[in-house]
Structures are given as C-alpha cells and as structure tokens.
2 protein chains.
Amino acid sequence: MKKKIGVVLSGCGVYDGSEIHEAVITLLAIDRAGCEAVCIAPNIDQKHVVNHLTGEEAPGEKRNVLVESARIARGAIVDLKDVRTDDVDGLILVGGFGAAKNLSDLESKGTDCDVDHELIRLIIDFAVQDKPFAACCIAPAVVAKVFDGGTVHPTLTIGNDPEFAEKINKMGGKHQECAATDIIVDEKNKIVTTPAYMNGKSIGEVAEGIEKAVQKLVEMI
Amino acid sequence: MKKKIGVVLSGCGVYDGSEIHEAVITLLAIDRAGCEAVCIAPNIDQKHVVNHLTGEEAPGEKRNVLVESARIARGAIVDLKDVRTDDVDGLILVGGFGAAKNLSDLESKGTDCDVDHELIRLIIDFAVQDKPFAACCIAPAVVAKVFDGGTVHPTLTIGNDPEFAEKINKMGGKHQECAATDIIVDEKNKIVTTPAYMNGKSIGEVAEGIEKAVQKLVEMI
C-alpha cells in the first residue's frame, strides 16, 4: 500500500488561489517518492478573482475554490470537509495567496485572522495523532495561526521576510530564516516548512526546497 | 546569454486549456537546463469553460486564453501575435484540450480543423529558419495540421491512440508509437514530441518524457 499524502489547495493561480508551480512540483515529488497524492480543497467561494495578466481584481467574477483547485488535480479532488485524519498519512499545504485569502483571511486581517474551520480541525487532529505535515510559501503562517493561543509553538519558516516572521512569532510560532532551496524541520511537532516563492527567485530554487520538504515529510510518516 | 525557449500555452486546465502539470514540468525542465522560459499565449476567448470538478461545460462563463494562461506564467506572459521568430531559440507546445479547442478546432473538426494563424506563422517560420521545436500530448496533431498539404512530413507521436495516429497520417505527418516516458525525434525537421498525458498513467511518467523532450530540444538549438 502506498502512503497517502493530502495536498491542500486553495484555488488555481498565485494571486487568488494556490501557487500552481508549487502545487505541481509537490504532486510530482510525492509520485517520485512512491506515494499517492490526495488533492483536497474547501468547497467555498474564492475571496475574489484576480486577472493574472494585469494583476488587477476582476470585478463581478466569482469562482469556487474546490472547482478551480480541480484544474490542478485534473478532476481528482476531495472536499476538505469530507477528509478525515485516517484518510491520509501526511499532509502538505501549498502556498499562493489563496492560503491567505481563501483558507484564511490572513492577507486582510493579519495576526487576527480566522482560518477555515475544517482546516483547523484537520491540522489539530494531525497534531493530536502525532502525524507529520508540511507547508510551503505563506501557508506556514496559517499553521501558526491554527496553534495560536495554545501550548504548541511550532518552529516554522516563510523565508526571510521580517514582517511575516514577526507575525508568526506574534501568533506563538518560532520563525527561522531559510533559503528557498532548503527546509526547516520541527522534529517535535513533526512539521516541515519551506519558503518556496516567498523568497525563491526561480522555479528551480522553489522545486529544490519543495522536493526536500516532501522527502522529509515521507520519512516522518 | 541564456537560451530562450517559448512555451505556448492555451489556457489553464486540462479540459479547456493547457494541461497544468505538463506546463509546469516544462517550465521546470527549461530552468534546470539553464535556459529561460518565455510563456506565450494567444489573446483570444477560450472555446468554452469546463468545470473541472464535474467535467461539465459551465454555461455562460467566458474566459480569455492569454489571461488564464497568465496563471501558469505567474503574470509573465507574451501575446502570441507579438512573438517573432528571433525572440526565442526554441519553442514548445504544451498539451491539454486547449491545444485542440483554442489553438485549433481539432477537437470539433478533426483533420479539417483550422489552426490559430499566429501559431501557423510562428511554426512555419521556425521551420524555414531551421530552428527546433517540440510538442507534447495532443499538440503534435496541431503541428501536423500546420504542415498539412505542404512538402514537410513531420514524424510525430501522440502515444499509441490508433484514431489520432490515423489523423496525423491523414494530415501528412508520420505517426510513431511512443511510451509516455520517451520521445520521438524528427532530426530532419528538428521536431521533438512526447505523448505526456495522451498515454501517461502518472505525473512521474509524464515528467520523464517531457524532461527528455526539453533536454533534446535544448541540444538541437
């Protein structure tokens, strides 16, 4: 039986959803590690739609996170609310603004943000069951918020952005600087993070970090 | 100076645009080969929008091929009509139904299809200038149509689908069977093709073929 790794998506496109390169590199790394990827996304509306050619919001357009994430998953995707801890052996949260706009409202509310309740339920239960998970790009900040106010203080990275590092520390996490090609491992809490496009300058750099993160995540299962 | 490789996209999602895995794997392979990717798409409406969760057409929705392709390109994309042969050293056409619905109407009209005129102009000029190009998945059938009726009879693969192989032969190409993990090289016409998801059973298989195709394309420059 192949190990199953849940890949949490938040739409399809860096400015209003999942960062597409990060998502595909994650899926490829999981396959090459001999594991099976299970794509997961919440069945909710996107915060908004951004025209990725102009960078401007597309007024009046509406898209659904699960439906758009299905583009990356080639249709094979599960609604987040239907995923139970036992369904997967590991979990990875892909980055992109969707993590800060759809999976949470971190982008607009900062450290006072809310996180999707189904995502909280899954991550907290992973922690309780001592199962490993990973996050890349901006998603580690969402992980910090999930544990904010509790007794778990995860060591995480979002690269080298001092403003976001401070936010993570304020939410009870412990930020560590990291290159895009590398990972930070919280052995105690079984959390692997990599900065990806938070400070990655090329798709090759981002891939190197994500490949290491997936490899480490699989080792921890 | 890095060699530049044009990556022709046709939207964002396998059922109505570019196959996203193929596109990202191509971009990563180009970066890892020490080259620079130049994303390219036509500024036209998509044929239609497909809900990738249900596989059904989304009635009334309209999306633009250049705008949606920009999601894969993280905003860095050029309108096909503005690309000249001298701008890039090599070219690769990504697959997905977008190649057969937006770059051409192959999906509805078969061998009687039309191909986007700007794409014809670029491919024919590449052939005239003896510059190499590649195509994956269903896109090789579009390449066959571009040369249909002329004196160039490209050797191409779309995998092992007998129906599409016959179409390629009818349009003047010479189809060769190929595994998803491998490539077919037409040395005379400097064309590299790989079946990708036409017969690929996993993202790993598809990546193996595309990585070989990009490597061979770069060698031919």
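Residues numbered from 1 in each chain as written. Chains lettered and ligands numbered in written order. Predicted model: local features only at pLDDT ≥ 70, side-chain atom pairs only at ≥ 80, totals over all residues. Heavy atoms only, no water.

What is the right way to read the packing of aromatic side chains from this model?
A ring pair, where both rings are aromatic, is described by two values, the distance of the centres and the angle of the planes. Enumeration over the complete set of coordinates arrives at four aromatic pairs over all chains. Ring plane angle 40 degrees and centroid distance 6.4 Å describe the contact between Tyr15 of chain A and Phe97 of chain A, whose orientation is recorded as tilted. You can see Tyr15 of chain A sitting in the loop between strand E1 (4-8) and helix H1 (20-32) and its partner Phe97 of chain A sitting in helix H3 (residues 97-101), a full 82 residues away along the chain. In this structure Phe97 of chain A comes out as partly exposed when scored by relative accessible area, which is 37%. A ring pair is formed by Phe126 of chain A and Phe133 of chain A, whose centres lie 6.5 Å apart and whose planes are at 85 degrees; its orientation type is edge-to-face. Phe133 of chain A carries the same exposure label as Phe126 of chain A, and that label is buried. When the ring centre of Phe126 of chain B is taken as reference, the NZ or CZ atom of Lys131 of chain B above it lies at 5.2 Å. A cation over a ring is seen here: Lys167 of chain B above Phe164 of chain B, with NZ or CZ 4.8 Å from the ring centre. (Phe/Tyr/Trp six-rings, centres within 6.5 Å; stacked < 30°, edge-to-face > 60°. Helix = DSSP H or I, 4+ residues; strand = E, 2+ residues; numbered from the N terminus. Buried < 20%, exposed > 50% of the residue type's maximum accessible area, 1.4 Å probe, protein only. Lys NZ or Arg CZ within 6 Å of the ring centre and 35° of its normal.)

For this particular structure, what's the right way to read the pattern of salt bridges?
Pairs can form between side chains of opposite charge whenever their charged atoms are close. For the structure shown, the criterion picks out 36 salt bridges over all chains. Across the salt bridge formed by Lys81 of chain A and Asp79 of chain A, the nearest N and O atoms sit 3.8 Å from each other. We classify Lys81 of chain A as partly exposed; its relative accessible area is 43%. According to the relative accessible area criterion, Asp79 of chain A is buried, its value standing at 12%. Taken together, the shared-partner salt bridges in this structure form one network comprising Asp16, Glu61 and Arg63 of chain A together with Glu68 and Arg71 of chain B. (Salt bridge = Lys/Arg side-chain N within 4 Å of Asp/Glu carboxyl O.)

In this structure, what is going on with the relation of the copies chain A and chain B? I would like to understand it.
Each copy of the chain is related to the other by a rotation around an axis and a translation along that axis. Of the two same-sequence chains, chain A is brought onto chain B (RMSD 0.0 Å, axial shift 0.0 Å) by a rotation of 180 degrees. With respect to symmetry, the two chain copies, as superposed, fit the operation of a two-fold axis. Taking C-alpha positions as the reference, the residue of chain A nearest the rotation axis is Val24 of chain A, at 3.4 Å. Residue by residue, 100% of the interface of chain A is reproduced at the interface of chain B, so both copies engage with the same surface. (Least-squares fit on C-alpha atoms with pLDDT ≥ 70 in both. Contact = heavy atoms within 4.5 Å.)

What's the story with the nonpolar core in this structure? I'm lost.
Membership of the largest hydrophobic core comes to 78 residues, with the highest contact counts inside it found for Leu9 and Ile20 of chain A together with Leu9 and Ile20 of chain B. Those residues within four positions of Ile20 of chain A in sequence are excluded, and the remaining contacts are Cys12, Gly13 and Ile72 of chain A together with Cys12, Ile20, Val24, Arg71 and Ile72 of chain B. (Core = buried A, V, L, I, M, F, W, Y, C linked by side-chain atoms within 4.5 Å.)

Help me out: how do you make sense of the interface of chain A and chain B in this one?
You'll often see interface size given as the accessible area lost when the parts meet. Between chain A and chain B, the residue contacts involve 36 residues of the former and 36 residues of the latter. When chain A packs against chain B, close to 3100 Å² is buried across both sides, 58% of that on carbon and sulfur atoms. Considering only the surface of chain A that becomes buried against chain B, Leu53, Arg71 and Arg74 of chain A emerge as the three largest contributors, covering 26% of it. Taken together, the connections running from chain A to chain B amount to eight salt bridges. A salt bridge links Glu211 of chain A to Arg32 of chain B; the shortest N-O distance between them is 3.1 Å. Run the count over chain A and chain B and you get 16 residue pairs in polar contact (both at pLDDT 80 or more). Residue composition of the side of chain A that touches chain B, by class: 19 nonpolar, seven polar and ten charged. (Buried area = accessible area lost by both parts, 1.4 Å probe. Polar contact = N/O pair within 3.5 Å; in protein donor to acceptor, adjacent residues only side chain to side chain. Nonpolar A, V, L, I, M, F, W, Y, C, P; charged D, E, K, R; others polar.)

Please explain the sheet that holds strand E4 (residues 90-93) of chain A as it appears in this structure.
Sheet strands line up and pair through hydrogen bonds in the backbone, either parallel or antiparallel. Residue and element names in this part refer to chain A. Reading across the sheet, the seven strands line up as E3-E2-E1-E4-E5-E9-E8 and stay open at both edges, with mixed pairing between neighbours. Across the chains shown, the open sheet's two edge strands, defined by having one partner strand only, are strand E3 (77-79) and strand E8 (184-186). Each adjacent strand pair in this sheet contributes to an overall mean axis angle of 25 degrees, direction not counted. In the sheet, strand E2 (residues 36-41) pairs with E3 via three bridges, with the strands oriented parallel. Each bridged residue has a counterpart across the sheet, and for Cys39 the counterpart in E3 is Ile77. With respect to the sheet, helix H5 (residues 117-128) is in contact with E1, E4 and strand E5 (133-136), its orientation differing from that of E4 by roughly 135 degrees. (Pairing = 2+ DSSP bridges. Axes fitted to C-alpha atoms, helices over the stretch in contact; angles between N-to-C directions.)

Got a minute to help me understand helix H7 (residues 162-170) of chain B in this structure?
Owing to its 3.6 residues per turn, the α-helix brings residues three or four apart onto one side. Residue and element names in this part refer to chain B. Those residues of H7 that sit buried are Phe164, Ala165 and Ile168. The buried residues of H7 all sit within an arc of 105 degrees when viewed along its axis, so they share a single face. Facing away from the buried surface of H7 by more than 90 degrees, the exposed residues are Pro162, Glu166 and Lys170. Residues of H7 that are buried in the fold lie against helix H4 (106-109), helix H6 (139-147), strand E6 (155-156) and strand E7 (174-175). The N-capping residue of H7, defined by a side-chain oxygen 2.9 Å from the backbone nitrogen of Glu163, is Asp161. (Arc of directions from axis to C-beta.)

Can you help me understand the side chain of Asn199 of chain A in this one?
Residues and elements named next belong to chain A. On the secondary structure map, Asn199 appears in the loop between strand E9 (191-194) and helix H8 (203-220). Classification of Asn199 as buried rests on a relative accessible area of 13%. Excluding its chain neighbours within four sequence positions, the residues that come into contact with Asn199 are Gly159, Asn160, Cys178, Ala179, Ala180 and Glu205.

Even after reading the chapter, I still don't get the environment of Pro140 of chain A, so can you show me in this structure?
All names here are of chain A. Mapped onto the secondary structure, Pro140 falls in helix H6 (residues 139-147). With a relative accessible area of 0%, Pro140 lands in the buried category. Along the chain, Pro140 and Gly173 lie 33 residues apart, while their C-alpha atoms are 9.4 Å from each other. When near neighbours in sequence (up to four residues on either side) are disregarded, Pro140 contacts Ala135, Leu156, Thr157, Ile158, Ile168 and Thr193.

Nothing here speaks to function; it is all geometry.
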